[in-house]
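# Fold and geometry: a report
One letter stands for each residue in the lines below.
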Amino acid sequence: PSGDVILWLAHSLADNALVGQHVLLPMRFHVDQVETKSALSFNALVDPRYHGQGIWTGLGRKAHDEATDRGTAMTYGIPNPNSHRPMVRELEYRAVFDVPVLVKPLNPGQAVRKVMPGLLGNLAAPAADLIRPLMFPKARVPAGAGTVEPVDRFDAGFDVLAGRAATRYRVLLLRNAAHLNWRYVDCPTRTTRRWAVRSGERVDGYAVLRVTDFRGLRM
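Here the structure is a predicted model, which means the values were calculated and not measured. (Residues numbered from 1 in each chain as written. Predicted model: local features only at pLDDT ≥ 70, side-chain atom pairs only at ≥ 80, totals over all residues. Heavy atoms only, no water.)

### As for the overall build of the protein
- The helix and strand inventory of the protein stands at 7 helices and 10 strands.
- Computed over C-alpha atoms, the radius of gyration of the protein comes to 22 Å, more than 25% over the 17 Å expected from 2.2 N^0.38 for 219 residues, which places it beyond the range of a compact globule.
- Its C-alpha atoms give the protein principal-axis dimensions of roughly 60 × 55 × 30 Å.
- Counting over 219 residues, the protein shows a buried share of 29%.
- In the protein, the share of contacts with a sequence separation of at least 24, taken over all contacts with a separation of at least 6, comes to 57%.
- For the protein, the accessible area works out to roughly 15,500 Å², and carbon and sulfur atoms hold 56% of it.
- Side-chain charges in the protein split into 29 positive and 20 negative, and the spacing between the mean points of these groups amounts to 8 Å. (Helix = DSSP H or I, 4+ residues; strand = E, 2+ residues; numbered from the N terminus. Rg over C-alpha atoms; globule rule 2.2 N^0.38 Å. Buried < 20%, exposed > 50% of the residue type's maximum accessible area, 1.4 Å probe, protein only. Contact = heavy atoms within 4.5 Å. Areas by Shrake-Rupley, 256 points an atom, 1.4 Å probe, with all protein chains shown as cover. Lys, Arg positive; Asp, Glu negative; His and termini not counted. Charge placed at Lys NZ, Arg CZ, Asp CG, Glu CD.)

Shown next, in the form of structure tokens:
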């Protein structure tokens, strides 16, 4: 919904194969409440057989030159450790902060059995299950807090919410209905579950979850 992707590829004539790519995905941000063209850098990779030849950096510079020509004000990324160093040193990104990964066991006993397989895990799992009520106290919903409803598709109420949210932050991704439907509803490769808090026609918040397997754990 924010424009065509910027995609640069490296092709090996000798192998007749694609050996690298650099992708910039257009995004729209509110910067001091002004809508601004931006792009997300992601999925930059080079075939290991072709490492050390400057392909990663060359593709990145080509992609960023095209983004500049399109009027893109800034690009950002959340790199893995392999990409962090070249993004900062070669493509002149600035490391602003680290993004934390937060984990909470929903089923402590099952998590213990996965992490500690065998007899030790079977012995520790019942103790882990005993603390589950402490981790999930019964929530009390304040009076007048609205109702939680499942979301089939995001509607115009989420456009209004995006505008209200933009007044609270200097820099914020524009998460309007078009963006949310593109990312969470119409994506053919991922299935999500979605809920919203509504007070009549007004949308006060939403949550999106997806289930995936990570290192043998269902998350």
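### What to know about the side chain of Ser-83
- Of note, Ser-83 is situated in helix H2 (residues 81-89).
- Dropping the residues within four chain positions of it, Ser-83 is found in contact with Ala-44 and Trp-56.

### Details of the pairing of strand E2 (residues 17-31)
- Pairing of strand E1 (residues 6-12) with E2 involves 7 bridges; the strand directions are antiparallel. In the sheet register, Ala-10 faces E2, and the bridge partner there is Gly-20.
- Between E1 and E2, which pair antiparallel and follow one another directly, the connecting turn spans 4 residues, one of which, Asn-16, has a positive phi of 50°.
- Both E2 and strand E3 (residues 34-46) contribute to a ladder of 11 bridges, which runs antiparallel. Looking at E3, one finds that Phe-29 is bridged to Thr-36.
- The hairpin formed by E2 and E3 contains 2 residues between the paired strands, and Asp-32 there has a positive phi angle of roughly 50°.
- As paired elements, E2 and strand E6 (residues 171-173) share 3 bridges and run antiparallel to each other. (Pairing = 2+ DSSP bridges.)

### Considerations on unusual backbone geometry
- Of note in the backbone geometry, Asn-16 takes a positive phi value of approximately 50° without being a glycine.
- Relative to the helices and strands, Asn-16 is located in the loop between E1 and E2.

### Observations concerning the packing of aromatic side chains
- Scanning the entire structure with this criterion turns up 4 aromatic pairs.
- Ring plane angle 85° and centroid distance 4.8 Å describe the contact between Phe-154 and Phe-158, whose orientation is recorded as edge-to-face.
- Taken together, a centroid distance of 5.9 Å and an interplanar angle of 70° make the contact between Phe-154 and Tyr-206 edge-to-face. With Phe-154 in the loop between strand E5 (147-150) and helix H6 (156-166) and Tyr-206 in strand E8 (residues 202-209), the pair connects residues that are 52 residues apart, well separated along the chain.
- For Tyr-206, a relative accessible area of 29% corresponds to the partly exposed category. (Phe/Tyr/Trp six-rings, centres within 6.5 Å; stacked < 30°, edge-to-face > 60°.)

### Describing a nonpolar patch on the surface
- Taken together, Val-5, Leu-7, Leu-9 and Leu-18 make up a surface patch of nonpolar side chains, about 350 Å² in accessible area.
- For Val-5, a relative accessible area of 39% puts it in the partly exposed group. (Patch = residues over 30% accessible without salt bridge, like charges linked within 9 Å, V, L, I, M, F, W, Y side chains within 5 Å. Salt bridge = Lys/Arg side-chain N within 4 Å of Asp/Glu carboxyl O.)

### Observations concerning the environment of Thr-36
- Within the fold, Thr-36 resides in strand E3.
- A relative accessible area of 17% places Thr-36 in the buried class.
- On a C-alpha basis, the gap between Thr-36 and Gly-71 in space is 9.5 Å, while along the polypeptide they are 35 residues apart.
- Excluding its chain neighbours within four sequence positions, the residues that come into contact with Thr-36 are Met-27, Arg-28, Phe-29, Val-31 and Ala-73.
- For Thr-36, the side chain forms a polar contact with the main-chain oxygen of Val-34, separated by 3.0 Å. (Polar contact = N/O pair within 3.5 Å; in protein donor to acceptor, adjacent residues only side chain to side chain.)

### Examining the packing of helix H3 (residues 108-115) against helix H4 (residues 119-130)
- Relative orientation of the contacting elements H3 and H4 amounts to 155°, with a least axis distance of 7 Å. One way to sum up the angle between H3 and H4 is to call them roughly antiparallel. Considering only the axes of H3 and H4, their crossing is right-handed. Here Pro-108, Gly-109, Val-112 and Arg-113 of H3 lie close against H4, whose contacting residues are Gly-121, Asn-122, Ala-124, Ala-125, Ala-128 and Asp-129.
- Here the contact of H3 with H4 is composed, by residue class, of 5 nonpolar, 3 polar and 2 charged. (Axes fitted to C-alpha atoms, helices over the stretch in contact; angles between N-to-C directions. Parallel < 35°, antiparallel > 145°, perpendicular 65-115°, else oblique. Left-handed = near helix turned anticlockwise from the far one by under 90°. Nonpolar A, V, L, I, M, F, W, Y, C, P; charged D, E, K, R; others polar.)

Just geometry here; none of it tells us what the structure is for.
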